Structures are given as structure tokens and as C-alpha cells.
Amino acid sequence: MPNELILICSVVFIYGAALLGYLIFGKTGLYCISVIATILANIEVTIMINAFGMEQTLGNILFAVTFLITDILSECEGKKAAQTAVYAGIFSSIFFLVLSQSWMLYTPSSADTMMPSIKTVFSNTPRMILASLVVYAISQMFDVWLYHKWWKLTEKKFGNKRKFLWLRNNGSTLISQILNTALFTAFAFLGTYDIPTLISIFLSSYVIYIFTSLLDTPFVYLARKIHDKKLSKETAKA
């Protein structure tokens, strides 16, 4: 199966899972998806592939869903709920960093066959997680702040709180992703790859983020519909 098709299927699956999590479990479901995506992205980002004519790291889609989640939470549950998702991602990254590094302190038994592979996978993880931790905290908090700035601007200008969801969604995410991509490329890969490769990683990552950011807008609208239906049911019961 070509890499391009796998990436497209991954976007649909991951975004769909976030929406399903919100439908079934509410904001708790989004917190869970955000934590899982943050941890797995730190592992997946160590893999380099070629897709759509570009060399790129994996993990971009998993990182992208965390922006979708904070936008859904901002829109439907409020700024505080979005910030809670960011704090949960930071906490889970620290937890995973400490735990994964402790695995390599053990002395394996003579029958063990996995420790060499574990060391290969996780020997680069500390730098990746520390880089993503710093970048995640900066870019996500900026994204939440910018989302609500756009919201206040459009509400003040047009006198309607619900209109222009697409603008605050894309206006916050696309700008935040520039910051996210530039900082992560520098922190995670500077000194590991040459400058042309770093530029290639940055450009390919941001191109993917443009695609994933535009694609997540319908999911935010669907999440708001889910939220509206829940509110109407609660109102009817009351």
C-alpha cells in the first residue's frame, strides 16, 4: 500500500476517532485521545518516510489532531477545557519520558530478545520528547489564545458568536502550526540532519499541516452539532 494512501486513511481514522470519542464520552474522550496522540507521536516522529514527493517524519497527523481537539474544546466547552487538554498532554509526555527511559536501566535476562530493539527505538526518545514537550506547550497555548482572540474579533465585528467558526479554526491553527513546525524542526533535528534536510522537513511538515488543518474544519462543525444536540436534550429533560 502506498504511503500516500496510508497517510490519508490515518487522517480520516484519527480525526474520526476524536469525533467519536467526543460523541460517546464528551470532553473526557477528547482528553484521552489527546494524551494518546501526544505519547504515540513522540515515537512515530522518529520514522522518516517519502510521500507526496516529500521526505517527512511521521507523527505530523497525530500532532495535528491535538490542535483539532483544542479547537473543539475551545468552541464547545470553553477556553479552560482546551487548556486542560494541553496540560494533560504535557503531563503525559513527562510521565512517558521518565517511564520509557527507566526500561533501559534494567538488565535483561539471557532469554530476552527485545531489549536491543527497545534501546534502538527509545535511545533518541528523550530529545524528541523534550523537544515536543517544549514546542507542544508553546504552540498549543498560543493556539488556544489565538482561537479566542479570533473569536472575540469576529463576534465584535459581526455581532454573532457562532458565525465564522471556519475563520477562528483555520486562523488559529495555520498560524500556530508555523510556530510548531519551525520550533520542533530546530529543537529535534538540529545537528542530526544537514540544513537542506531540515528545510525539507520543515516545508513538508507544514504542507501536511496545511492539509490537515483545512481538513479538520468539518470535524469542528460536526463536534459543535454534537454539543448542540446534547444541550438541547439536557434542556428538554430539565
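Everything discussed here concerns the structure shown above.
Scoring rules and cut-offs
- Residues numbered from 1 in each chain as written.
- Predicted model: local features only at pLDDT ≥ 70, side-chain atom pairs only at ≥ 80, totals over all residues.
- Heavy atoms only, no water.
- Axes fitted to C-alpha atoms, helices over the stretch in contact; angles between N-to-C directions.
- Helix = DSSP H or I, 4+ residues; strand = E, 2+ residues; numbered from the N terminus.
- Parallel < 35°, antiparallel > 145°, perpendicular 65-115°, else oblique.
- Left-handed = near helix turned anticlockwise from the far one by under 90°.
- Contact = heavy atoms within 4.5 Å.
- Nonpolar A, V, L, I, M, F, W, Y, C, P; charged D, E, K, R; others polar.
- Phe/Tyr/Trp six-rings, centres within 6.5 Å; stacked < 30°, edge-to-face > 60°.
- Buried < 20%, exposed > 50% of the residue type's maximum accessible area, 1.4 Å probe, protein only.
- Lys NZ or Arg CZ within 6 Å of the ring centre and 35° of its normal.
- Pairing = 2+ DSSP bridges.
- Salt bridge = Lys/Arg side-chain N within 4 Å of Asp/Glu carboxyl O.

A. Structural context of the packing of helix H2 (residues 27-44) against helix H3 (residues 60-76). Look at H2 against H3: their axes get within 8 Å of each other, and the N-to-C directions meet at 160 degrees. Of the possible angle classes, the one that applies to H2 and H3 is roughly antiparallel. Viewed along their axes, H2 and H3 form a crossing whose handedness is left-handed. Only Leu-62, Phe-63, Val-65, Thr-66, Ile-69, Ile-72 and Leu-73 of H3 make contact with H2, whose side of the interface consists of Lys-27, Leu-30, Tyr-31, Ile-33, Ser-34, Ala-37, Thr-38, Leu-40, Ala-41, Asn-42 and Glu-44. For the contact of H2 with H3, a count of residues per class yields 12 nonpolar, four polar and two charged.

B. Structural context of the packing of aromatic side chains. This model, assessed by the stated rule, comprises nine aromatic pairs. When the ring of Phe-158 is compared with that of Phe-164, the centres are 4.3 Å apart and the planes differ by 25 degrees; the resulting orientation is stacked. Under the relative-accessibility criterion, Phe-164 is labelled partly exposed at 24%. Among the aromatic side chains, those forming a connected cluster through ring pairs are Phe-96, Trp-103 and Phe-122. Looking at Lys-161, its charged tip hangs above the ring of Trp-151, at a distance of 4.4 Å from the centre. The ring of Tyr-22 has Lys-230 lying over it, and the distance from NZ or CZ to the ring centre is 5.1 Å.

C. Summary view of the environment of Phe-142. Relative to the assigned elements, Phe-142 resides in helix H6 (residues 125-158). When the C-alpha atoms of Phe-142 and Ile-175 are compared, they prove to be 9.4 Å apart, with 33 residues separating the residues in sequence. Beyond its immediate stretch of four places on either side in the chain, Phe-142 contacts Ile-175, Ser-176 and Leu-179.

D. Highlighting the pairing of strand S1 (residues 48-51). A one-sided burial pattern is seen for S1, the buried positions being Ile-49 and Ala-51 and the unburied ones Met-48 and Asn-50. Pairing analysis gives four bridges linking S1 to strand S2 (residues 54-57), with the strands arranged antiparallel. Of the residues in S2, the one forming a bridge with Ala-51 is Met-54. Where S1 hands over to S2, the hairpin turn is made up of two residues, of which Phe-52 adopts a positive phi near 55 degrees.

E. Quick look at the pattern of salt bridges. With the rule as written, the count across this model stands at three salt bridges. Notably, a salt bridge pairs Glu-75 with Arg-168, separated by 2.8 Å at the nearest N-O pair. With Glu-75 in helix H3 and Arg-168 in helix H7 (residues 165-189), this residue pair connects regions lying 93 residues apart in the sequence. Residue Glu-75 shares its accessibility class with Arg-168, and that shared class is buried. The partner of Asp-228 in a salt bridge is Arg-162, and the shortest N-O contact between them spans 2.8 Å. A residue pair is termed long-range when its members are at least 10 positions apart, and Asp-228 in helix H8 (residues 195-237) and Arg-162 in the loop between H6 and H7 qualify at 66 residues.

F. Quick look at unusual backbone geometry. For Phe-52, which is not a glycine, the phi torsion comes out positive at approximately 55 degrees. Along the chain, the position of Phe-52 falls in the loop between S1 and S2. When its relative accessible area of 46% is taken as the criterion, Phe-52 is described as partly exposed. Although it is not a glycine, Phe-164 sits at a positive phi angle of roughly 65 degrees.

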